Amino acid sequence: MRPSRFTPPDDEPINWKVFLKLWPYLTEFKGRVWLAVGCLIAAKMASIGLPFVLKHTVDNLNLETTKEVMMAATLGLIIAYGVLRLANVLFGEIRDTLFGRVTERAMRRLGLTVFNHLHKLDLDFHLSRQTGGLSRDIERGTSGVSFLMRFLIFNIVPTLLEISMVVGLLFYNYGVSFAFVIFASVVLYAFFSIKATDWRTKYVKQVNQADNSSTSRAIDSLLNFETVKYFNNEKFEANRYDVDLEKWETARRNNRLSLFALNGGQAFIIAGAMTSMMALAAINVANGNMTIGDFVLVNAFTMQIFMPLNFLGFVYREIRGSLTNIENLFKLLEKKPAIVDKPEAKELKVTKGEICFQNVSFAYHKDRQILQNVSFTIKAGSKVAVVGESGAGKSTLVKLLFRFYDPTSGSITIDGQVVAEHTQDSVREHIGIVPQDTVLFNDTLYENIRYGRPDASEQEIEEAIKLAHLDTFVTRLPDRGDTQVGERGLKLSGGEKQRVAIARTILKRPPIMVFDEATSSLDSQSEQAILSALREIAEGHTSFMIAHRLSTIVDADTIIVMDNGTIAEQGSHEELLKLKGLYSKLWQAQQKNNSQDEK
Ligand SMILES: Nc1ncnc2c1ncn2[C@@H]1O[C@H](COP(=O)(O)OP(=O)(O)O)[C@@H](O)[C@H]1O
Ligand SMILES: [Mg+2]
């Protein structure tokens, strides 16, 4: 269970600078904003007018004229009262409608900006972050904008406007004492509410925490139903659960008491203000300085002012929470990607497709070197294979070539152009990768393959499916290519996913193709079939093949043997066998395994 959004995520002070950052997102519809402000003022003018109409009505009823005159005047006033009420509500509604669009556009822009930014951030950021947490941050941040606007524009700002108008009018009409009492009590009320809310926050948090921990305790215990029985531990479990429940009970009690303190204090201040205002008015009426109508007016104003303030504690907490959520979102935006295009970066042009690693060293973390002085060349149109134990750094070579990371020293060039000095887009455009672990979109099989080139025709997709040996599989599916593959492609087997990845890359048809253990999940028969297809496709392309089974790469022009981040040997299959080094050991080990498997 996640904590309620009513509690600010932490106790840091409010960062008002968030408004400055949010401002550009709110200025898209200038006309609308001004109109909404106009409506806000109109609505408040109408509501300020109400007590005045009330006053004149009461005074009229007290006049000593003929019944007809009195009735006519009063009727007019009562109609005016109705009109003002209507205008108050109507202008308020128009204001909300007008401003809603501004908020939604801001949410859309902000959401898109964050989304684009997240795609710019480096692989490391995404590997070390929980995607669930990320999407919750985005959701909370954008809905924070909506909350903030709703409570600020529709509650705080109008209330402030109303208070200042009322204070001004009271001062103008009835002198300093009335204005002072209202002003002082509003300030006191706001101060008290904010302080009390801050103080209460810890109790609200305790309730949420107790709620979370007792729920997860119960779930965990029930999930382990069997284990509990095995050890006869029902009583033990019940006791543990009750300890949590007791904490929850105490937290709830504290929370309720603190709410009582808040509400009680607020009521006390309101009652004090009402009493003083009415006492003041009564004295004035008795002295003949004010009419009964004035008394009614003062009463109406005081009530009208405190009504919206009732929610002040809640609104304050909401605004605080929203600001923190928005701030978190902006913090995400401030995160700098590790790989950025240099300002003078040019487009990489691939003419032949020659790849050259020169003295490349690399570390994911400064304390652990992964690659050391790796140098090799893949001639244009040739096929180079990389072999080595798991963890030797083979996939890392691919990630560097694709510019997910830049080397710590040394350089990688494609046709003589340094990869790190060209735009990421242009580098990636020319490289097709069938990765070690393929993850698919939760969409249909066809759409997942089309992803390799979104504008590919049906025919091209069919062709790619055939080349990747997916056709028999597809015809066996009840929905054919329209079959949903499930989240991350979990409804497909590892081999099927790999073939989808191969089909995608076939569709992209880049000049440089990389296969990172692309057939490792296939049985030897399909592997052989796909390999021959890959050979066909790779014809004339530079291809870089990371292999697990050495038998799949004996025909490579060059084989690079990686060992612990360095190149141990390189050469053709025959040359390496003659060397009687690491490769020949690996080869013999695998041959032995194969013959054992066959027995
Ligand atoms: N993003 C990463 N952060 C830190 N270490 C990593 C990361 N990716 C891979 N490594 C480490 O780098 C080493 C080489 O990984 P890799 O190139 O994937 O090996 P392989 O040769 O099996 O493809 C491994 O020991 C792995 O633990
Ligand atoms: Mg690997």
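As a reminder, the structure under discussion sits directly above these lines.
A.B. asks: I tried to follow the sheet that holds strand β5 (residues 417-418) on my own but got confused; where do I start?
C.D. replies: Note: strands within a sheet are paired through backbone hydrogen bonds, in either parallel or antiparallel orientation. Across the sheet, which stays open at both edges, the four strands sit in the order β2-β1-β4-β5 with antiparallel pairing between neighbours. At either margin of the open sheet sits one strand with a lone partner, and together these are β2 (368-378) and β5. As judged from the five bridges shared by strand β1 (residues 355-365) and strand β4 (residues 409-414), these two strands associate in the antiparallel manner. Looking across to β4, one finds that Ile355 is bridged to Ile414. Packing against the sheet, helix α11 (residues 394-401) makes contact with β1, β2 and β4, and its axis sits at approximately 110° to β1.

A.B. asks: For this particular structure, what's the right way to read helix α16 (residues 494-508)?
C.D. replies: Because an α-helix completes one turn every 3.6 residues, residues spaced three or four positions apart along the sequence face the same direction. Over its 15 residues, α16 extends 21 Å from the first C-alpha to the last, a length consistent with the 21 Å expected when each residue adds 1.5 Å. Buried residues dominate α16, accounting for twelve of its 15 residues. Positive phi appears at Arg509, one or two residues downstream of α16, with a value of about 45°.

A.B. asks: Got a minute to help me understand the pairing of strand β8 (residues 542-546) in this structure?
C.D. replies: On any regular strand, side chains alternate: one points to one face of the sheet, the next to the other face. Counting buried residues along β8, five of its five residues qualify, which places the element largely inside the surrounding structure. Bridge count for strand β3 (residues 383-388) against β8 is four bridges, and the pairing is parallel. Note on β8: the bridge partner recorded for Lys383 is Ser543. In the classification by handedness, the crossover that spans strand β7 (residues 512-516), the intervening helix α17 (residues 524-538) and the parallel β8 is right-handed.

A.B. asks: Looking at this structure, how should I read the site of ligand 1?
C.D. replies: Inspection of the region around ligand 1 gives Asp124, Leu127, Tyr364, Ile370, Gly388, Ser390, Gly391, Ala392, Gly393, Lys394, Ser395 and Thr396 as its neighbouring residues. Elements supplying a minimum of two residues to the shell around ligand 1: α4 (123-127) and α11. Taken together, the residues of the shell around ligand 1 break down into four nonpolar, six polar and two charged.

What counts and what doesn't
- Residues numbered from 1 in each chain as written.
- Chains lettered and ligands numbered in written order.
- Predicted model: local features only at pLDDT ≥ 70, side-chain atom pairs only at ≥ 80, totals over all residues.
- Pairing = 2+ DSSP bridges.
- Helix = DSSP H or I, 4+ residues; strand = E, 2+ residues; numbered from the N terminus.
- Contact = placed C-beta atoms within 7 Å.
- Axes fitted to C-alpha atoms, helices over the stretch in contact; angles between N-to-C directions.
- Expected span 1.5 Å × (residues − 1).
- Buried ≥ 20, exposed ≤ 12 C-beta atoms within 10 Å, placed from the backbone.
- Right-handed = clockwise from strand over helix to strand, strands pointing away.
- Near = placed C-beta within 6 Å.
- Nonpolar A, V, L, I, M, F, W, Y, C, P; charged D, E, K, R; others polar.

So far we have only geometry, and geometry alone does not tell us how the molecule works.
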